[in-house]
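The residues making up each chain are set out below.
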Amino acid sequence: MDVSQILDPLNDAQREAVAAAPGNQLVLAGAGSGKTRVLVHRIAWLMQVEGASPYSIMAVTFTNKAAREMRARIEELLGVNTFGMWVGTFHGLAHRLLKAHWQEAKLPQNFQILDSDDQLRLIKRVQADLGLDDKKWSPRETQWWIGAQKDEGLRPQYINAGADPWLQTMVRIYFAYEEACQRGGLVDFGELLLRAHELWLNNDSILAHYRRRFPFILVDEFQDTNTIQYAWLRLLAGEQCHITAVGDDDQSIYGWRGAKIENIQHFSADLRQVQTVRLEQNYRSTSTILKAANAVIANNSGRLGKELWTKGEEGEPIAVYAAYNEQDESRFIVERINDWVRDGNRRDSIAILYRSNAQSRVLEEGLLREQVPYRIYGGQRFYDRLEIKNALSYLRLITNRDDDTAFERVVNTPTRGIGARTVEMVRAYAREQGCSLWQAAKLMLQQRVLAARAGNALQAFLDLVNQLAANAEDKELDAIAEDVIETSGLLEFHGKEKGEKGQTRVENLKELVSACRAFTGVGMPEGEEGEEEIPLLNQFLDSAALDAGEGQADEFEDAVQLMTLHSAKGLEFPLVFMAGVEENLFPHKMSAQEPGRMEEERRLCYVGITRAMRKLYITYAENRRLFGSETYNSPSRFIAEIPVNLVHEVRLKTEISRPLYQADYGKVGKFSDPAPDFDDLPPLSLGGRVEHAKFGEGTVVQFEGNGPRARVQVNFDDAGSKWLVVTMAKLQPL
Ligand SMILES: Nc1ncnc2c1ncn2[C@@H]1O[C@H](COP(=O)(O)OP(=O)(O)OP(=O)(O)O)[C@@H](O)[C@H]1O
Ligand SMILES: [Mg+2]
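Please read all numbers here as calculations on a predicted model, not as lab measurements.

About the thresholds
- Residues numbered from 1 in each chain as written.
- Chains lettered and ligands numbered in written order.
- Predicted model: local features only at pLDDT ≥ 70, side-chain atom pairs only at ≥ 80, totals over all residues.
- Heavy atoms only, no water.
- Helix = DSSP H or I, 4+ residues; strand = E, 2+ residues; numbered from the N terminus.
- Rg over C-alpha atoms; globule rule 2.2 N^0.38 Å.
- Buried < 20%, exposed > 50% of the residue type's maximum accessible area, 1.4 Å probe, protein only.
- Contact = heavy atoms within 4.5 Å.
- Areas by Shrake-Rupley, 256 points an atom, 1.4 Å probe, with all protein chains shown as cover.
- Salt bridge = Lys/Arg side-chain N within 4 Å of Asp/Glu carboxyl O.
- UniProt positions renumbered as here; feature names shortened; annotations may be inferred.
- Polar contact = N/O pair within 3.5 Å; in protein donor to acceptor, adjacent residues only side chain to side chain.
- Axes fitted to C-alpha atoms, helices over the stretch in contact; angles between N-to-C directions.
- Parallel < 35°, antiparallel > 145°, perpendicular 65-115°, else oblique.
- Left-handed = near helix turned anticlockwise from the far one by under 90°.
- Nonpolar A, V, L, I, M, F, W, Y, C, P; charged D, E, K, R; others polar.
- Near = heavy atom within 4 Å.
- pLDDT = per-residue confidence, 0-100.
- Pairing = 2+ DSSP bridges.

## Thoughts on the overall build of the protein chain
1) Next: A tally of regular secondary structure across the protein chain gives 28 helices and 21 strands.
2) Next: Relative to its length of 734 residues, the protein chain is compact, with a C-alpha radius of gyration of 29 Å against a globular reference of 27 Å.
3) Next: Structurally, the protein chain occupies a C-alpha span of about 85 × 75 × 50 Å along its principal axes.
4) Next: For the protein chain, with 734 residues in total, the buried portion stands at 55%.
5) Next: The contacts in the protein chain between residues at least 6 apart in sequence include a share of 74% that link residues at least 24 apart.
6) Next: Of the accessible surface of the protein chain, which amounts to about 32700 Å², a share of 48% is contributed by carbon and sulfur atoms.

## Points about the pattern of salt bridges
1) Next: Applying the stated rule across the entire model yields 44 salt bridges.
2) Next: Between D188 and K150 there is a salt bridge, with the nearest N and O atoms lying 2.8 Å from each other. Note that D188 is positioned in strand 5 (residues 186-188) and K150 in helix 7 (residues 139-151), a separation of 38 residues in sequence.
3) Next: When its relative accessible area of 3% is taken as the criterion, D188 is described as buried.
4) Next: The class for K150 is buried, based on a relative accessible area of 2%.
5) Next: One salt bridge connects R346 with D348, and the closest N-O pair in it is separated by 3.0 Å.
6) Next: Judged by relative accessible area, which is 31%, D348 ranks as partly exposed.
7) Next: Each of K150, R155, E178, D188, E191, R195 and E198 takes part in one network of salt bridges that share partners.

## Here we look at the UniProt feature "binding site: ATP" (unreviewed entry) in the protein chain
1) Next: In the numbering adopted here, UniProt assigns the feature "binding site: ATP" (unreviewed entry) to A29, G30, A31, G32, S33, G34, K35 and T36.
2) Next: Relative to the elements of secondary structure, A29 occurs in strand 1 (residues 24-29).
3) Next: Take A29: its relative accessible area is 0%, and that puts it in the buried class.
4) Next: The contacts of A29, once residues within four sequence positions are left out, are K35, G247, D248, L279 and K306.
5) Next: Considering the arrangement of structural elements, one finds A31 in the loop between strand 1 and helix 3 (35-48).
6) Next: Exposure remark for A31: the relative accessible area of 0% places this residue in the buried category.

## Side note on the side chain of N633
1) Next: Among the secondary structure elements, N633 is positioned in the loop between strand 15 (629-631) and helix 26 (637-640).
2) Next: Within the structure, the side chain of N633 is placed 3.4 Å from the backbone oxygen of E583, a separation counted as a polar contact.
3) Next: A polar side-chain atom of N633 sits 3.1 Å from a polar atom in the side chain of N584.
4) Next: Excluding residues within four positions of it along the chain, N633 makes contact with E582, E583, N584, A621 and E622.

## Thoughts on the packing of helix 9 (residues 189-202) against helix 11 (residues 227-237)
1) Next: It is the contact of helix 9 with helix 11, at a shortest axis distance of 10 Å, that shows an interaxial angle of 25 degrees. Between helix 9 and helix 11, the angle is such that the two are roughly parallel. Judged by the sense of rotation from one axis to the other, the crossing of helix 9 with helix 11 is left-handed. Here helix 9 contributes L193, L194, A196, H197, W200 and L201 to the contact with helix 11, which in turn contributes I228, Q229, A231, W232, L235 and L236.
2) Next: For the contact of helix 9 with helix 11, a count of residues per class yields 10 nonpolar, two polar and no charged.

## Focus: the site of ligand 1
1) Next: Taken together, 19 residues form the shell around ligand 1, and within it Q14, K35, Q251, E572 and R611 come nearest.
2) Next: Residue Q251 places a side-chain N or O atom 2.8 Å away from an oxygen atom belonging to ligand 1.
3) Next: Protein contacts shield 82% of the accessible area of ligand 1, which totals 640 Å² for the unbound molecule.
4) Next: Looking at which element gives the most residues to the shell around ligand 1, the answer is helix 3, with three residues.

## With respect to the confidence of the model for the protein chain
1) Next: Residue-level pLDDT values for the protein chain average 86, and 90% of them are 70 or greater.
2) Next: Below a pLDDT of 50 lies the segment residues 523-532, which in the model reaches 10 contacts outside its immediate sequence neighbourhood of four places, other chains included.
3) Next: The model gives residues 653-678 a pLDDT under 50, and that stretch makes 52 contacts with residues more than four places away or in other chains.

## Details of the sheet that holds strand 1
1) Next: One open sheet holds the six strands; their spatial order is 3-2-6-7-1-8, and the pairing between them is parallel. Each edge of the open sheet is held by one strand with a lone partner, namely strand 3 (86-88) and strand 8 (274-279). Averaged over all pairs of adjacent strands, the angle between their axes in this sheet comes to 10 degrees, without regard to strand direction.
2) Next: Sheet topology places strand 2 (residues 57-60) next to strand 6 (residues 216-219); four bridges connect them, and they run parallel. Counterpart to V60 in the pairing with strand 6 is V219.

## Some points on the side chain of N623
1) Next: Looking at the element boundaries, N623 is found in strand 14 (residues 612-626).
2) Next: A relative accessible area of 11% means that N623 is categorised as buried.
3) Next: Ignoring any residue separated from it by four or fewer positions in sequence, one finds N623 in contact with Y324, N325, E326, E630, T631 and Y632.

Following this line, the structure appears as structure tokens:
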């Protein structure tokens, strides 16, 4: 039997874990030390040497993508099919189980998964039935609370509300909500896990069957399991099964969603004869990157304690860039990406990581401008996001009432009691009359062909859009956007969605206001005579549609990856940018409010740094417009935690114009125009004050392009924001 393929690519400690006799194992090790590799090779070993059938193995991964990769790796190692193996996320596996045993789980065969939107709507209905006022009993809070109970494995009958009236009410809602779900055959995410656990708990024969079936259970990213997941694992494992859990307490980043680091400590006590393996050699990163990660995480207390080392080369210092603002940050990153690709590297060797979803907007714009293909991992591009499309639909209706797509999209969003039947009637009428939906709706209201309730609701929608249009007169673009997201009720509507998702949507909507504000400066060219001016709002909508229309780079195209720090877990990239590393953004400002959250933010930073293999850039902006407002944050404390000898501070932002021209001419030499006399050009700098003959004094906030085409954006104190061509504008630095 040839096992060398399985063991050769491993070090001694890894080999010890992979080739151990069947038993419980805990592999506790830092980032990039080969935990996932051990898991994969362990599965191969069990099949090849212990003769385990693929049917006897269950592997829990962090994402579905990771599950696919795991299968591919094993097939490559062994040349066998992994078809019968159960590999997936906790939710995916629980779903599979419930589908197979719907009767015993007391579910209808075609039970539906309830997503977060639907869940919130259901909770609202339930609360209304109980006569509870939404204002006093926020459905969103209830949703969060019920989720937290389920994560802890708690049904309402086990919650002792005592004399606490608030808790008593919550429990009452929880009971009623459960009943409603059961009646409708609906299962929310938390319920999947809870129900799967109970299925085994209450059905000895089914449990016995799965215990026999799965003598081997392997879990990646064990540090982020919550109470119910851990209970589920233990129940399945029983006394005979063998669990291999791999994890890193320093990478636990889902505490806010109920994950329990303590499960790592409990594991050795709860299971029999656990072999603990520690891996200390890191194979991923340069020693510089590794030292930085070690230094940052050392600031956390209560760690299980481990130090990583590497034989790898020292590598380049970590580059820290203090950007003038978010635009400058985006531009800097795109330039470095272009350099990297010019040096012969692939784009998919690059990741840009950020703390908040909404940060992607400015980064995406920079990439689009330079036509760098990119993909948002585990997410959508900014202008493709549901809440943004909703807001844009209102804006489109303001400029054009006959925009049917926009009409359809928001006629009942936020919900205002216009049902599918009414909309179908409007559609039919429009077809008949050959007019737009808006016109049809108007006619139908005039002719009173709708039932009173539907008619009133529809009238309210038309009034709302007309009102928004009236409000928009003479307003700046960002003020229009702000009015739209508030007055339409979108902000409130999306804000009510459960926890993280709702907050992300609200942040994105506010970010749209930022996008409008930034656009105001770029939009109109200086009023060319005779040319009809296109209203700024229309220009903005066109540009947004173009951005969205670009579509994601397809799966096979070589593209830069953008993602949040949370979704980067487990991945690695030769070149990594961590953007927006500023106080209040990262660490997130909410982390100051809850104990323990700051340490979780630091672990997130550790996760971020340790994604980098060869080169790491950390950037922050001295002032930033995000979520619709302007902020001045100081550099993140995490930057200060990296020893200075590992860092190279990049300061490009002074003297932008002259060096830029000269470098460009020297390098490219493609301009046929006679070279302007560079010595006559003013030394402009981002953030610098300048004076213009017509517009007066202002501040340079952005620049773009090279050579004779270089343009700067100046926020003039009185004349507003303008883009100017440097060679023409005769700006005087002050
Ligand atoms: N013994 C080894 N020899 C050479 N390369 C290795 C070895 N072990 C792991 N690697 C490589 O090191 C990198 C990190 O491994 P892996 O992703 O398994 O680490 P991990 O501990 O799971 O990291 P994370 O904590 O980020 O999930 C991978 O590129 C992997 O192929
Ligand atoms: Mg891993």
